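The chain contents come next:
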Amino acid sequence: MKKYIEEESKENLNTEMLAAISKLTRAGFLLVIVLILLFWQNYSHFFGSKNDGGQVVQTALPMLSPAAQKGKDLFKNNCASCHNRDMQSNLTGPALGGLQERWAAYPRTDLYQWIRNSQALIDAGHPRAQELWNKWKPVIMTPSSNLKDEDIEAILTYVEEQYAAR
Ligand code: HEC
């Protein structure tokens, strides 16, 4: 009889222990899942997750038209030493952004002439040329007599596009 009781309580103990272990295992399993979910939510970007809302990251570089691209090279070689590339801040020379409006009252060829030889246009008494000179003298803009009409047009296109993309 005594032996039987002993056997029975041992068995009880075993079932209780098994139940406890299985409870613990279940709790542990749930905990691990929760931890994995939390971790994934916070750190998924470290693993190059594709879950970025499908957005393509765009670079800030403006796309230039082919004409403006040609103008950019000409500008770099002939004008950038004095005129700021952002087209909105002054440097040795004034910011060029919006310049076509400032010359709109005059024939297009006046602007060509100015860029090829500004001093000649100042000497000829051109109103816009004199206005500029009075503000910026004694800094003389380097003549670019080698530039063809289409070169100057390309530069003007570049100035406008660059200014618009600011
Ligand atoms: C050595 C410096 C220098 C270089 C190089 C230069 N410029 Fe200038 N630019 C000036 C200065 C200074 C003025 C202001 C007028 C003056 O002092 O003659 C000016 C004025 C101008 C203006 C008048 C802007 C307005 O608001 O009306 C234009 C247009 C211009 N430059 C275009 C150019 C272009 C295009 C080139 C290249 C092909 C160029 N410049 C190269 C110094 C320079």
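See above for the structure.
Residues numbered from 1 in each chain as written. Predicted model: local features only at pLDDT ≥ 70, side-chain atom pairs only at ≥ 80, totals over all residues.

Peer 1: Explanation requested: the overall build of the protein in the structure shown.
Peer 2: Secondary structure assignment for the protein yields seven helices and zero strands. When the helices and strands of the protein are listed from N to C terminus, the series reads α-α-α-α-α-α-α. When burial is assessed residue by residue, the protein has 14% of its 166 residues classed as buried. Long-range contacts, defined as pairs at least 24 residues apart, comprise 63% of the intrachain contacts of the protein with a sequence gap of at least 6. (Helix = DSSP H or I, 4+ residues; strand = E, 2+ residues; numbered from the N terminus. Buried ≥ 20, exposed ≤ 12 C-beta atoms within 10 Å, placed from the backbone. Contact = placed C-beta atoms within 7 Å.)

Peer 1: I would appreciate a short explanation of the site of the ligand in the present structure.
Peer 2: Around the ligand, 23 residues are found, and the nearest of them are Cys-79, Cys-82, Gly-93, Trp-136 and Met-141. Contributions of two or more residues to the shell around the ligand are made by α3 (99-102) and α6 (127-136). A per-class count over the shell around the ligand returns 13 nonpolar, eight polar and two charged. (Near = placed C-beta within 6 Å. Nonpolar A, V, L, I, M, F, W, Y, C, P; charged D, E, K, R; others polar.)

Peer 1: Help me understand the nonpolar core in this model?
Peer 2: Looking at soluble globular proteins, one finds that nonpolar side chains tend to be buried together. Judged by nonpolar contacts, the single largest core of 17 residues is most densely connected at Trp-114, Ile-155, Tyr-158 and Val-159. Contributions of two or more residues to this core are made by α2 (66-78), α4 (108-116), α5 (118-123) and α7 (149-164). Discounting residues that sit within four places of it in the chain, Tyr-158 has contacts with Ala-68, Gly-71, Lys-72 and Phe-75. (Core = buried A, V, L, I, M, F, W, Y, C linked by C-beta atoms within 7 Å.)

Peer 1: What should I look at first to understand the packing of α2 against α7 in this one?
Peer 2: The angle between the axes and the distance between the axes are what describe a pair of packed helices. α7 packs onto α2 with a crossing angle of 100° between their chain directions and a minimal axis gap of 7 Å. One element, α2, and the other, α7, form an angle in the roughly perpendicular class. Two secondary-structure elements touch here, α2 through Ala-67, Ala-68, Lys-70, Gly-71, Lys-72, Leu-74 and Phe-75 and α7 through Asp-151, Ala-154, Ile-155, Thr-157, Tyr-158 and Glu-161. By residue class, the composition of the contact of α2 with α7 is seven nonpolar, two polar and four charged. (Axes fitted to C-alpha atoms, helices over the stretch in contact; angles between N-to-C directions. Parallel < 35°, antiparallel > 145°, perpendicular 65-115°, else oblique.)

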